[in-house]
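A structural walkthrough
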Amino acid sequence: MLDAPKNLTRNVLIAMFLGALIGAILYYSSFFSDGIKDFIFEYIFKLGGEIFINLLKLMVVPLVFFSLVSGIASLSSLKSFGNIASKTIALYLLTTAIAVSISLIVGSIFQPGSGYLMAETVALKDLPEGQGIYQTIVNIVPANIIDAMAKNQMLAIVFFSILFGLALNKTNHLTGNLSESFEKLNTVFLQLVLMVMKFAPIGVFCLIGKFVITDGFNIFQDVFMYVILLISVLLFHAFVTYSLILRFFASINPLHFFYKMKDAAIFAFSTSSSAATIPVTLKTVNQDMGVKKDIASFVVPVGATINMDGTAIMQGMATVFIAQISGIDLTLIQYVQIVLLAVVTSIGTAAVPSAGTITLVIILQQFGLPLEAIGIILAVDRILDMIRTSVNVTGDATVACVVAKSENSFDEMVFNKT
Ligand code: ASP
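The text that follows walks through the structure, step by step, so that each part is easy to find. Given the structure is predicted, the values throughout are model-derived calculations rather than measurements.

**Section: the packing of aromatic side chains**
Applying the stated criterion across every chain yields a total of 18 aromatic pairs. Between Phe-65 and Phe-164 the ring centres are 5.8 Å apart and the planes differ by 55°, which places this aromatic pair in the tilted class. Of this pair, Phe-65 sits in helix 2 (residues 34–73) while Phe-164 sits in helix 6 (residues 154–170), and the two are 99 residues apart along the sequence. On the accessibility criterion, Phe-164 (30% relative accessible area) is partly exposed. Look at Phe-65 and Phe-182: their rings are 6.2 Å apart centre to centre, the planes differ by 70°, and that puts the pair in the edge-to-face class. Here the residue Phe-65 occupies a position in helix 2, and Phe-182 occupies one in helix 7 (residues 178–197), the gap between them amounting to 117 residues. Here Phe-65 and Phe-182 have matching classes, each one buried. In textbook terms, an aromatic cluster arises when at least three aromatic residues are bridged by ring pairs, as seen for Phe-65, Phe-66, Phe-160, Phe-164, Phe-182 and Phe-189. Of note, Lys-262 hangs over the ring of Tyr-259, and the distance from its end group to the ring centre comes to 4.0 Å.

As structure tokens, this is what we get:
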């Protein structure tokens, strides 16, 4: 038995509340001098938050590598892997297309941008670069695996790990217990993740504190309709669409799924990065939900990289919103084009904070919409990024369960355990 932290969710929620409380006191009260506020921002919230995210990221590459290699090395039939991969990708594309369609329908019915005047813009600096679909495809096959690992290029790492795992699988009779060694190393990394999670309350306290001390709770005042509609669609997709998919595609109890999902969702919320959340999503899907390792270790990292339903929802709603505030009427054909484009761009979006707002540029350019309007979107994007990242990660876990169930690699006993 691995040594897991006790009462993790409760402690993380308390830490979240305390972080928000202290952040808000410092933001709103004039009792503390700027020097004290700056110090707490820099040396407590920012420092603690960055160290915690680094710890999570530190786990990602070795965890994905060892779990995927040991998972594939132990597969008894390699043919089933092709099935798993094609089902996974088809489901990822399907859920993202559903996500953006709901967003467009809601956006065109409730018209978040009517009656809003374009405000001043925010500079686009300091945002992570997006990458085009061409580069995403080329990067799947790395020329140098060390370079790909150093740059956290997840699809390249997945590709190499699959090849390595396949070769290991085919040479099992020659390499003695080498594949067992990978299995054991994988266990060591799982334990390492649990050790990092013991610090999660401190990390989450710092991350939430940093957010509130910078922006307070002002976020909702600006572009109220856009924010409210977007959050509603994100929640709808998370709780309704995924429930239906889990129920009908896999006969899985959605309530139980959401209960088990809470830790990974909170991590995604506090880090705004699906990539940094991979260790927690893997642990949740494999150890708490009962998805077998060979499936979880493929579906989760690939999902973190290409499956971004929350991001696609934001891009759909933002496009409709910007078209409306610019007085442009979108045609039906254009709506269909947005669906396709949002599916493709969300694949190319890096799984790091704010990346979705950058790839939004691709969509806006396509329809000749004013890029300056991204400033408005960015002004309220912090909290929205947190929520949509939780949705992105929940989507990955949903697909992992559905694929596992269809492959008989889903352990009901583990899933039903409370
Ligand atoms: N932060 C998101 C993620 O990592 C990407 C985005 O939409 O900005 O999943």
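**Notes on helix 12 (residues 293–306)**
When the terminal C-alpha atoms of helix 12 are compared, their 20 Å separation across 14 residues agrees well with the 20 Å that a helix rising 1.5 Å per residue should span. Most of helix 12 sits out of view: 14 of its 14 residues are buried.

**Structural notes on the packing of helix 9 (residues 224–250) against helix 17 (residues 381–406)**
With their axes 10 Å apart at the nearest point, helix 9 and helix 17 run at an angle of 10° to one another. In terms of their interaxial angle, helix 9 and helix 17 are classed as roughly parallel. Residues Tyr-226, Val-227, Leu-230, Ile-231, Leu-234, His-237, Ala-238, Tyr-242, Ile-245, Leu-246, Phe-249 and Ala-250 of helix 9 lie in contact with helix 17, whose contacting residues are Leu-384, Ile-387, Arg-388, Val-391, Thr-394, Gly-395, Thr-398, Cys-401, Val-402 and Lys-405. Of the residues assigned to the contact of helix 9 with helix 17, the class counts are 16 nonpolar, four polar and two charged.

**Remarks on helix 2**
The terminal C-alpha atoms of helix 2, which comprises 40 residues, lie 57 Å apart, in line with the 58 Å expected from a rise of 1.5 Å per residue. Where helix 2 bends most, at Lys-46, the angle is about 30°.

**Some details on the site of the ligand**
Taken together, 15 residues lie around the ligand, and Ser-274, Thr-311, Gly-356, Asp-385 and Arg-388 are the ones closest in. One of the backbone N or O atoms of Ala-351 is found 3.3 Å from an oxygen atom in the ligand. For the ligand, the accessible surface in isolation is 270 Å², of which the surrounding protein chains cover 100%. Secondary-structure elements contributing two or more residues to the shell around the ligand are helix 15 (355–366) and helix 17. Residue classes in the shell around the ligand are distributed as five nonpolar, eight polar and two charged.

**Quick word on the side chain of Thr-345**
In this fold, Thr-345 is placed in helix 14 (residues 332–348). Under the relative-accessibility criterion, Thr-345 is labelled buried at 6%. Side-chain polar atoms of Thr-345 contact the side chain of Gln-315, separated by 3.2 Å. Look past the residues within four positions of Thr-345 in its chain and what remains in contact with it is Gln-315, Thr-359, Ile-362 and Ile-363.

**Concerning the nonpolar core**
In terms of nonpolar packing, the biggest core is built from 129 residues, with Tyr-226, Phe-257 and Phe-298 touching the most fellow members. A total of 14 residues in this core trace back to one element, the largest contributor, which is helix 2. Grouped together as the second largest cluster of nonpolar side chains are five residues, Leu-26, Ile-40, Phe-45 and Cys-206 included.

**Side note on the pattern of salt bridges**
According to the stated counting rule, one finds 10 salt bridges in the structure shown. In this structure, Asp-381 and Arg-388 form a salt bridge, with 3.0 Å as the shortest nitrogen-oxygen distance. Pair check on accessibility: Asp-381 and Arg-388 agree, each one buried. By sharing partners, the salt bridges in this structure join Asp-381, Arg-382, Asp-385 and Arg-388 into a single network.

**Digging into the packing of helix 2 against helix 11 (residues 274–288)**
Interhelical geometry of helix 2 versus helix 11 gives an angle of 60° and a closest axis separation of 7 Å. By the angle between their directions, the pair helix 2 and helix 11 is classed as oblique. The way helix 2 lies across helix 11 gives a crossing that is left-handed. Residues Ile-53, Leu-56, Lys-57, Met-59, Val-60, Leu-63, Val-64 and Ser-67 of helix 2 lie in contact with helix 11, whose contacting residues are Ala-275, Ala-276, Ile-278, Pro-279, Val-280 and Leu-282. By residue class, the composition of the contact of helix 2 with helix 11 is 12 nonpolar, one polar and one charged.

Reading the values: rules and limits
Residues numbered from 1 in each chain as written. Predicted model: local features only at pLDDT ≥ 70, side-chain atom pairs only at ≥ 80, totals over all residues. Heavy atoms only, no water. Phe/Tyr/Trp six-rings, centres within 6.5 Å; stacked < 30°, edge-to-face > 60°. Helix = DSSP H or I, 4+ residues; strand = E, 2+ residues; numbered from the N terminus. Buried < 20%, exposed > 50% of the residue type's maximum accessible area, 1.4 Å probe, protein only. Lys NZ or Arg CZ within 6 Å of the ring centre and 35° of its normal. Expected span 1.5 Å × (residues − 1). Axes fitted to C-alpha atoms, helices over the stretch in contact; angles between N-to-C directions. Parallel < 35°, antiparallel > 145°, perpendicular 65-115°, else oblique. Contact = heavy atoms within 4.5 Å. Nonpolar A, V, L, I, M, F, W, Y, C, P; charged D, E, K, R; others polar. Bend = angle between axes of the 7 residues up to and from the residue. Near = heavy atom within 4 Å. Polar contact = N/O pair within 3.5 Å; in protein donor to acceptor, adjacent residues only side chain to side chain. Areas by Shrake-Rupley, 256 points an atom, 1.4 Å probe, with all protein chains shown as cover. Core = buried A, V, L, I, M, F, W, Y, C linked by side-chain atoms within 4.5 Å. Salt bridge = Lys/Arg side-chain N within 4 Å of Asp/Glu carboxyl O. Left-handed = near helix turned anticlockwise from the far one by under 90°.

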